[in-house]
Every structure is written in structure tokens, then in C-alpha cells.
Amino acid sequence: MKHISQTRITAFIMTGALLVSGMTGTFPAMTAQAAVNSEETTIDLVNHLRYRYVITETDKCVLRRVSDENGTKITDKTSLELPDKIPGSNYEIRELGYNGEAIIDSTSVKVLKLPNCVEKINNYALHCNKVPNLKTLKMNLKGLDYCDDLAFGDNGKLEFIYAYNKKTCGYDYLGTVSNFEKYYSLIYQYDDNGNQLKDSAGKPLYTQYQCTTNEGNDPYLGKVFRLTDENLTGEATFLNAVDNTPYCKKLGYQYAQKIVQENGFNASGLTKQQVLEMIYNYLRTHERYSRIRTAESETLSGLMGTSLSALALNSGVCGSFAHSFEQLCRATGKFTFGDTAAGSDVVCVGMPGHVVNAVRLSPNQGYYIIDASQFPDTAHFMQTVNYRNTAFTSAYSYGESSTAAQLNQTVFNFSSSMLASQSYYGGDCFMQIVNQNNAGLKVEVYDTNYPSRKYVNYTGHVTPGTISPANVSTFSDLTLQPQFIPSTCYFTIRVNGKAINTSAQMQGQEQTVTAGNKTYKVKYEVLTYAGTGVPPANGYQNYYKLTIRKA
């Protein structure tokens, strides 16, 4: 079993201890002395369970099936604890599932504790068709080396994961609903003295999921990044396997709550319009449109579409951005969510090959489309111009407790007739930030009259040694994406805490900004939309551009 570094994503933190069982008093149904790769059967006479297992090494095996004594289903247990060793033998259970078979067939089991020594969970091992009511799982996540993406199927009830965490929490099982600060801190990198490491812009380093290589820049699929440490494969592939569970949504929602609190998206006095602007800008400046692969090059195709991927790992595709947008809106407490699309202020809307958000500011108003995930030529904030004739395929709620079935409720019908008749905003709609530095950079754009209203709160950060400075402008957290600013706003721009001159006389002129021990050349421009591919709202033709380079 691999040794796991102290900084691995541990993931799963709600207080709740697991009682350690004592002696089982089991007896083997047949002698365990058999050739490697042979199949054996043992009956646990105390718990009345039959174990079928395949021996892989002299002291290790794959658990093929656990059932009642008759070797069929389990019908009389709501909670099941699997031992580390096959009862009556010395064979440790290192793998679950054999030849695509589920290890359990039971509608009664709701709580399952896996053996602590499990290193691999194979495809269909705990498939929802066989364990449809599984709600709570207890396991040694830090010991897991790999989890197949089909291990759990499309489980819609798995809500609590209690993960064994020897490194930070002692010999205990901890879950995911409370004590979130402890989980959140484990994602970052720490030095030997326990100090959190940050980049030059003060942003914590996501070491475990830091991007190491750019394996392509397909304009549709986005960039591909690898995990840096192969020891993360077990935890990452597990999250990928439970991507559509209430558990994964709850975990993403915990991130949304923290982000909302830290950025003041729920501050009193903010209108819905301002909250939508802030959330839109946050996603555009903090998340990468990209796919994540393990160190072994396996694409985490399930995880990359979740809110957890974008909010926790700063990487995701269109579905991830749309789900994150809805989760952030939910966490502010300022929007209404109902059982239908027409009863909700914010919904995820599907269309051929893409997912966006539909939002409204009041119940008697039409919806506007927000697309926070794509590139400058397709970005939209509160628009209907390019979506009037779109054939919407679905609309759904991505609430923290929503099940797989609820994601596709027919009551969430959405059509172009529900859209507003014209785009909501006019005026200078966007600011494009071009960061030409090879170091961290912070750009803040806020309402001069109401400094607490930040329209852009951008932190660009790069990983030293992983990418050349020439590519930074296209690498650092979507720096080329336009950010929305209302045309009626008198705004102030700060670069690393220093305000720049935005007067008409300084437009298009480079000005020097010194912040700390670094000096930058900053150019503020008002440009025309012509040729950008970004559709102007209501005929206005200008947008803002901010270019920052090292002096």
C-alpha cells in the first residue's frame, strides 16, 4: 500500500466516531490453505454471513460477495461492517468487486463500513442497482489507491462519507457536514513548521491539485492538467466515482458557503443584480476552464462537471461552472428556489453540448442567460441576444441534497419563451484583464461610491517553474476573460493595492505603479467591441481593457 503524504486531500469531516468491533467469533467453512488466485468461501457463524473471496497473494484477497448464509441477498441488516480479514482466515481484503460483480445485493443496508485495508474498489462493486439505499459509507480513504468510476453507479442517496484520517485526526472516522474548516485547510500545502504556503499574491497554493503541464489547448474542451502526486489517485478517483451523489453536492456547497462568506456576497444591502455580478466575476477570475487528470493520465470525467471541481480545485467544464453558480447563489440566501424552473430564480439550463444558467431578478420578470464558463467570444452576462432561438434540452436544480433523478425532473421544463425580450444591461459591459507577469497579481475593481461593492476581485497566480512567462497571460486563471462592470458605476481600479488613474487623459497611456518592492506598467483603455466576438448590449460599442506588465 502506498505511503501517503501529510498534505493529501483528506476530505471528509463531520464529527462522528465509529465503534470498533471486538472478536467476531467466526469459523471457516473450509480451510484457507489454497493456491493463489483460487476462490474460497467462508461462513461467519456469529453474524450469519457468507464470504466469497478470491485469493491474490499468500495473505491478500479480493472480496467477491458477502451475503446471508444461503449465499444470496442480505435482507435483515441496515448496517453492515466488513472486517479487515476474511473471517477465520489470514487473508486481508485488499480489493472489493470481482469481474464486474457487486459485493452486496441488499435493499436494507443503509450504512456500510469497509475494511480499513482496502486499496482498490473495482467497477460495480457497490453499484446503486444492488445497494440502492446506501446512505452512509465509512472507509479508510487515505489507504485507497484507486476507485473505478463505475464503482457506485449513479447513486442518488449516498450522503455521508466518514473517512479514516490517521494523519490529522487520530484513529477516528470523520464525516463531511460540520467542522468544515479542518477539511478546507487540508487542501493547501504546508511547510515543515505547519505554516500555510502562499504565492506572491497571497493566494494559498493548491499543491495537491496544482497544474503541472498543459497537455493541449483545444478551444472547446479547454486545457488539461494533471495531479502532481500519484498518491492522490485514490482520493481523486473516489471523488470522481461519487460525482453525482448528494455527498459530492454537499461538499461543493460547503465550499460555496465559505466563498460567499469570505467575499461578502451575502452582505446586507446588496441587490440581486449586484450579487449576480459578483458571483459571475468570481467564477471568471478564480476558476480555470479545464479538465483534471490523475498523475497516471486518467481523466476525472465525472468530477470535472461538479461544483466541487470548480469551487475546491479551481478547474471544471461548463457543467461545473453552472452548478457552482447555482450553489453560490443558494449560499447567499438572496434567491428563491422552488420545485420547478418557473418557481426558481436561478436554474441550470442545458442545451446541445453546453450548460449555462438562467436567472431572474423578480418572479414576474423573464429570465436572462449567464454563461460564466466559456471564452471571451462566448461569454454572457444577463443576455438573451444569442439564446433566443436556442433549443433548450433541460433545466434542473443542483441543490446540495438533490439526487440524480431530481436533476432531470420533467417539471423543470425551460424554453426560450421564458427568456426576457431583450438583454438587461447597456453601456460598457466588460473589462478585459491581461496579466503579462510571471508572478502573482491582484486586481480589484469596485464602486467608488460604495467601496464594498467589488465587481472584479482577480488574483492571478502561477506555479514557479511550471510554465514559461510568455504563456502567463493565457494561463493565470482565465486572465483573458472579460469581467462585467455596470456602465453607471464610477469605479476605482487597484493593482496590488495601488489605485491607478482612470481619467480620460490617461486612457491608452502606460502608467507606473509601485506596490511593495515591485513596479508595474499598467495601461487602461476604452476599446470598441468590433472584432472581439463579444456581443455588445443594446448597441453600446465600448469595453474596458487593463494590461499589466512588469516594469
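As the structure is a computational prediction, the values presented were derived from the model and not from experiment.

1. Side note on the overall build of the chain
For the chain, the count of helices and strands is eight helices and 29 strands. The 551 residues of the chain split such that 56% are buried. Contacts spanning at least 24 positions in sequence make up 64% of the contacts within the chain whose residues lie at least 6 apart. When the accessible area of the chain is evaluated, it comes to approximately 21900 Å², of which 47% is carbon and sulfur surface.

2. Focus on the nonpolar core
Residues I121, L137, F152, F238, L276 and F325 are the most contacted members of the largest nonpolar core, which totals 91 residues. The dominant element in this core, judged by the number of residues it contributes, is helix α4 (residues 246-263), at eight residues. If near-sequence neighbours (up to four positions away) are discounted, I121 is found in contact with L96, L114, M139, L144, Y146, C147, D148 and A151. Within the second largest apolar cluster, 20 residues are counted, among which are M431, Y455, Y544 and I548.

3. Quick word on the side chain of N357
Topologically, N357 is positioned in strand β17 (residues 354-359). For N357, a relative accessible area of 2% gives the class buried. Separated by 3.4 Å, the side chain of N357 and the backbone oxygen of V347 make a polar contact. Excluding residues that lie within four positions of it along the chain, N357 makes contacts with F321, A322, F325, E326, V346, V347, C348, Y368, I369 and I370.

4. Structural notes on the pattern of salt bridges
All told, the structure shown has 15 salt bridges when counted by the stated rule. Note that K258 and E262 form a salt bridge whose closest N and O atoms lie 3.4 Å from each other. Separated by four residues within a single helix, K258 and E262 lie in helix α4, roughly one turn from each other. Given a relative accessible area of 15%, K258 falls into the buried group. The residue R360 makes a salt bridge to D345 at a minimum N-O spacing of 3.0 Å. Taken together, the residues R360 in the loop between β17 and β18 (368-371) and D345 in the loop between α7 (318-332) and β16 (346-351) connect sequence positions 15 residues apart. Here R360 falls in the buried class, since its relative accessible area comes to 6%. For D345, a relative accessible area of 1% corresponds to the buried category. What emerges from the salt-bridge pattern is a single network uniting E39, R52, R64 and E101.

5. Regarding the sheet that holds β16
The pairing of strands in a sheet happens through backbone hydrogen bonds and is either parallel or antiparallel. Taking strand neighbours across the sheet as the criterion, the five strands line up as β19-β18-β17-β16-β20 in an open arrangement whose pairing is antiparallel. At either margin of the open sheet sits one strand with a lone partner, and together these are β19 (380-383) and β20 (394-396). With strand direction ignored, the average angle separating the axes of adjacent strands in the sheet is 30°. Alignment of β16 against β17, held across six bridges, turns out to be antiparallel. Its bridge partner lying in β17, G350 is registered against V355.

6. As for the confidence of the model for the chain
Residue-level pLDDT values for the chain average 74, and 69% of them are 70 or greater. Under a pLDDT of 50 for its full length, residues 1-35 has, in the predicted model, 112 contacts with residues more than four places off or in other chains. This model gives residues 177-192 a pLDDT under 50, and the stretch forms 58 contacts once residues within four places in sequence are excluded.

7. A closer look at the sheet that holds strand β1 (residues 39-44)
The six strands lie next to each other as β1-β2-β3-β5-β7-β9, forming an open sheet whose pairing is mixed. Of all the strands in the sheet, just β1 and β9 (146-147) have a single pairing partner and so form its edges. In this structure, strand β5 (residues 92-96) lies alongside strand β7 (residues 120-121), joined through two bridges in parallel fashion. Counted as the bridge partner of E95 is K120 from β7.

8. Section: the pairing of strand β22 (residues 441-447)
Most of β22 sits inside the fold, with six of its seven residues counted as buried. In terms of strand pairing, β22 meets strand β25 (residues 491-495) through five bridges, oriented antiparallel. Among the inter-strand pairings, V445 is bridged to a residue of β25, identified as I493.

9. What about unusual backbone geometry?
We note that H48 has phi near 60°; this positive angle belongs to a residue other than glycine. Relative to the elements of secondary structure, H48 occurs in the loop between β1 and β2 (49-57). Under the relative-accessibility criterion, H48 is labelled partly exposed at 44%. Positive phi, normally seen in glycine, also occurs at N99, with a value near 55°. Tracing the backbone through its elements, the reader meets N99 in the loop between β5 and β6 (111-113). Overall, the relative accessible area of 63% leaves N99 in the exposed class.

10. Some words on helix α3 (residues 233-241)
For α3, the buried fraction is high: nine of the nine residues fall into the buried class. Inspection of α3 places T233, G234, E235, A236, T237, F238, L239, N240 and A241 among the buried residues, and these make up the whole buried set.

11. Thoughts on α7
With 15 residues, α7 should reach 21 Å at 1.5 Å per residue; the first-to-last C-alpha distance of 22 Å fits that figure. Of all 15 residues in α7, 15 are buried; the element is thus mostly enclosed.

12. Overview of the packing of aromatic side chains
By the definition in use, this model includes eight aromatic pairs. Between Y367 and F414, the ring centres sit 5.4 Å apart and the planes meet at 75°, which makes this aromatic pair edge-to-face. Here Y367 is found in the loop between β17 and β18, whereas its partner F414 is found in the loop between β20 and β21 (430-436), with 47 residues between them in sequence. Between F491 and Y524, the ring centres sit 6.5 Å apart and the planes meet at 70°, which makes this aromatic pair edge-to-face. Of this pair, F491 sits in strand β25 while Y524 is found in strand β28 (residues 518-528), placing the two residues 33 residues apart along the sequence. For the pair F491 and Y524, one class covers both residues: buried. Three or more aromatic residues joined by ring pairs make a cluster, and in this case those are Y367, F392 and F414. Here the guanidinium or amino end of R330 rests over the ring plane of F337, the centre of that ring lying 4.1 Å away.

The rules behind these values
- Every chain begins its residue count from 1, and numbering advances along the sequence as written.
- With pLDDT at 70 or above as the cut-off, local features in this predicted model cover only qualifying residues; side-chain atom pairs require 80 or more to be listed or tallied, and sums for whole chains, interfaces and linings still use all residues.
- Each side-chain value is worked out from all heavy atoms of the structure, with water and hydrogens disregarded.
- Helical segments are the DSSP runs of H or I of at least four residues, strand segments are the runs of E of at least two, and each set is numbered from the N terminus.
- In this scheme, a residue with accessible area under 20% of its type's maximum is buried, one over 50% is exposed, and one in between is partly exposed, where area comes from a 1.4 Å probe on protein chains only.
- Here, residues are in contact when the closest pair of their heavy atoms is within 4.5 Å.
- Only the protein chains shown count as cover for residues, and the accessible areas themselves come from Shrake-Rupley with a 1.4 Å probe.
- Think of a nonpolar core as a cluster: buried Ala, Val, Leu, Ile, Met, Phe, Trp, Tyr and Cys residues, connected wherever their side-chain atoms sit within 4.5 Å.
- Polar contact is the term for a pair of N or O atoms within 3.5 Å; when the atoms are in protein, one must be able to donate a hydrogen and the other to accept it, and sequence-neighboring residues count only if both atoms are side-chain atoms.
- We count a salt bridge whenever a side-chain nitrogen from Lys or Arg sits within 4 Å of a carboxyl oxygen from Asp or Glu.
- Strand pairing is assigned whenever DSSP identifies at least 2 bridges connecting the two strands.
- Fitted lines through C-alpha atoms serve as axes, helices being fitted only where they are in contact, and the angles separating the N-to-C directions of these axes extend from 0 to 180 degrees.
- You can read pLDDT as the predictor saying how much it trusts each residue, on a scale of 0 to 100.
- Every helix has an expected span of 1.5 Å times one less than the residues it contains.
- Any two of the Phe, Tyr and Trp rings considered here, Trp counted by its six-membered ring, make a pair once their centres fall within 6.5 Å; the pair's planes then place it as stacked at under 30 degrees, edge-to-face at over 60, or tilted in between.
- Think of it as a cone above the ring: NZ of Lys or CZ of Arg counts as a charge over the ring if it is within 6 Å of the ring centre and within 35 degrees of the ring normal.

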